[in-house]
Amino acid sequence: MTSSPVRATTWAVVRLASAALILAAVLAQARVTLGGAADAGRDLGLTTVNFFSFFTILSNVGSVVVLTWAGAWLLRARGDHGARREPPALAVALACVTTYMVVTGVVYNTLLRGIELPQGTTVAWSNEVLHVVGPVLLVLDLVLAPRRGGLAWRAVGTVLVVPVVWVAYTLVRGPLVPNPVTGADRWYPYPFLDPENPALTPPGYAGVSLYVVGIALVIGATAAGVVAVGRARGLADGIPERVAGG
């Protein structure tokens, strides 16, 4: 089924509006977090780096960039009556941010909701956009947006690159920087990544490893699901797979 110019235009606007909403949520939380640090005389540079070290923030910022790109592309491509599918790089980027946002929503709402994170005062509406509304919007884009097509199964490996790099960065950096809020000699964005967290079972890096492996499995399964939906939609719409064989 091809997409009409009206449908393409409508969904391009949805993508751009979604990007604007998510960006507003990130900026609102950043303003409160960084403003609170400045008012308290804390290290503003360290607080800024910490803020952008949360996987939630990275996922949402990535979504802003990719949704803006996808919306702009769809506006340009809307007049060809569905003959053209999204370019390979955009398809991979959408698969990545969709996976990251879904995992962000799942992890937050199952492990972190109700736990006060050391990032300053949480902005309630922003928090819901970053952890609930944003992931839902990305899932809707996956299942409803026109011009979506299939990726090769090896794209799942590509999706995993960013989380692997982020975990390595977090575990290496964590014991090297102080917590500007509590004064502790270490800083981790999430309690389940802190090997000195007394609530870990088993304690230490063994407990961290269990969480990392579990979340890696969730990310892999989510990425596979995202790729599967894209492939199914491409076949249903009669759009040949051309990102790569598989």
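What counts and how
- Residues numbered from 1 in each chain as written.
- Predicted model: local features only at pLDDT ≥ 70, side-chain atom pairs only at ≥ 80, totals over all residues.
- Heavy atoms only, no water.
- Helix = DSSP H or I, 4+ residues; strand = E, 2+ residues; numbered from the N terminus.
- Buried < 20%, exposed > 50% of the residue type's maximum accessible area, 1.4 Å probe, protein only.
- Contact = heavy atoms within 4.5 Å.
- Areas by Shrake-Rupley, 256 points an atom, 1.4 Å probe, with all protein chains shown as cover.
- Patch = residues over 30% accessible without salt bridge, like charges linked within 9 Å, V, L, I, M, F, W, Y side chains within 5 Å.
- Salt bridge = Lys/Arg side-chain N within 4 Å of Asp/Glu carboxyl O.
- 1 Å grid on protein atoms, 1.4 Å probe; cavity = no way out; pocket = protein on both sides within 12 Å on 5 of 7 lines; lining within 4 Å.
- Points joined across faces, edges and corners; volume = space filled by probe spheres on them.
- Nonpolar A, V, L, I, M, F, W, Y, C, P; charged D, E, K, R; others polar.
- Expected span 1.5 Å × (residues − 1).
- Axes fitted to C-alpha atoms, helices over the stretch in contact; angles between N-to-C directions.
- Left-handed = near helix turned anticlockwise from the far one by under 90°.
- Phe/Tyr/Trp six-rings, centres within 6.5 Å; stacked < 30°, edge-to-face > 60°.
- Core = buried A, V, L, I, M, F, W, Y, C linked by side-chain atoms within 4.5 Å.
- Polar contact = N/O pair within 3.5 Å; in protein donor to acceptor, adjacent residues only side chain to side chain.

Enquirer: Hey, could you go over the overall build of the chain for me, with residue numbers and the actual values?
Expert: Scanning the chain from N- to C-terminus turns up 7 helices and 0 strands. Ordered by position in the sequence, the α and β elements of the chain form the string α-α-α-α-α-α-α. A buried classification covers 46% of the 246 residues belonging to the chain. Within the chain, contacts between residues at least 6 apart in sequence are counted, and of these 76% link residues at least 24 apart. Accessible surface, the chain as shown: approximately 11100 Å² in total, 72% of it carbon and sulfur.

Enquirer: Quick one: what's the story with a nonpolar patch on the surface, residue by residue and with numbers?
Expert: The grouping of Leu-21, Trp-125, Val-132, Val-133, Val-136, Val-139, Leu-140, Val-143 and Leu-144 at the surface amounts to a nonpolar patch, some 660 Å² of accessible area in total. Per-element tally for the nonpolar patch: the top contributor is helix α5 (residues 124-144), with 8 residues. Within the secondary structure, Trp-125 is located in helix α5. Overall, Trp-125 belongs to the partly exposed group, its relative accessible area being 44%.

Enquirer: Give me the lowdown on empty space enclosed by the protein, citing residues and values where you can.
Expert: The gaps of empty space that remain are located by a probe, the size of a water molecule, rolled over the atoms. Applying the stated criterion to the full structure yields 4 cavities of 30 Å³ or more. One number sums up the size of the second largest cavity: a volume of about 50 Å³. Put simply, the parts of the chain that give the lining of the second largest cavity at least two residues each are α4 (88-112) and α7 (205-236). The greatest single-element share of the lining of the second largest cavity, amounting to 3 residues, is contributed by α7. Residues of the lining of the second largest cavity, tallied by class, amount to 6 nonpolar, 2 polar and 2 charged.

Enquirer: Tell me what's going on with α4, and back it up with residues and numbers.
Expert: Over its 25 residues, α4 runs 34 Å from end to end, which matches the ideal 36 Å to within 8%, given 1.5 Å per residue. Positive backbone phi, approximately 95°, marks Gly-114, located one or two places after α4.

Enquirer: Any details on the packing of helix α3 (residues 55-77) against α4? Residues and values, ideally.
Expert: Between α3 and α4, the shortest axis-to-axis distance is 9 Å and the interhelical angle comes to 145°. Between α3 and α4 lies a crossing whose hand is left-handed. Seen from α3, the contacting residues are Phe-55, Thr-56, Ser-59, Asn-60, Gly-62, Ser-63, Val-66, Trp-69, Ala-70 and Trp-73; seen from α4, they are Ala-89, Leu-90, Ala-93, Leu-94, Val-97, Tyr-100, Met-101 and Thr-104. Split into classes, the residues belonging to the contact of α3 with α4 amount to 12 nonpolar, 6 polar and no charged.

Enquirer: Can you explain the packing of aromatic side chains? Please cite residues and give values.
Expert: Per the counting criterion, the structure on display carries 8 aromatic pairs. An aromatic cluster of three or more residues is present, and its members are Phe-54, Phe-55, Tyr-100, Trp-166, Trp-187, Tyr-190, Phe-192 and Tyr-211.

Enquirer: Lay out the packing of α3 against α5 with the relevant residues and their values.
Expert: Geometry of a packed helix pair, given as the angle between the helix axes and the separation of the axes. Axis separation between α3 and α5 bottoms out at 11 Å; the angle between their running directions is 35°. The two elements α3 and α5 cross, and the hand of that crossing is left-handed. Within the contact between the two elements, α3 uses Thr-56, Ile-57, Asn-60, Ser-63 and Leu-67 and α5 uses Val-129, Leu-130, His-131 and Leu-138. Residues of the contact of α3 with α5, tallied by class, amount to 5 nonpolar, 4 polar and no charged.

Enquirer: Provide a residue-level description of the nonpolar core, including the pertinent values.
Expert: Ile-22, Tyr-190, Phe-192 and Leu-193 are the most contacted members of the largest nonpolar core, which has 57 residues in total. Every element with two or more residues in this core is listed here: α1 (5-39), α2 (44-51), α3, α4, α5, α6 (155-173) and α7. Looking at which element gives the most residues to this core, the answer is α4, with 13 residues.

Enquirer: How would you summarise the pattern of salt bridges if you had to cite specific residues and measurements?
Expert: Per the counting criterion, the structure on display carries 7 salt bridges. For Arg-113, the salt bridge goes to Glu-128, with nearest N and O atoms at 3.1 Å. Of the two residues, Arg-113 is situated in the loop between α4 and α5 and Glu-128 in helix α5; the sequence distance between them amounts to 15 residues. On the accessibility criterion, Arg-113 (39% relative accessible area) is partly exposed. For Glu-128, a relative accessible area of 29% translates into the label partly exposed.

Enquirer: Go over the environment of Thr-110, please, and point to the residues and values.
Expert: Inspection of the secondary structure puts Thr-110 in helix α4. A polar side-chain atom of Thr-110 sits 2.6 Å from the main-chain carbonyl oxygen of Val-106.

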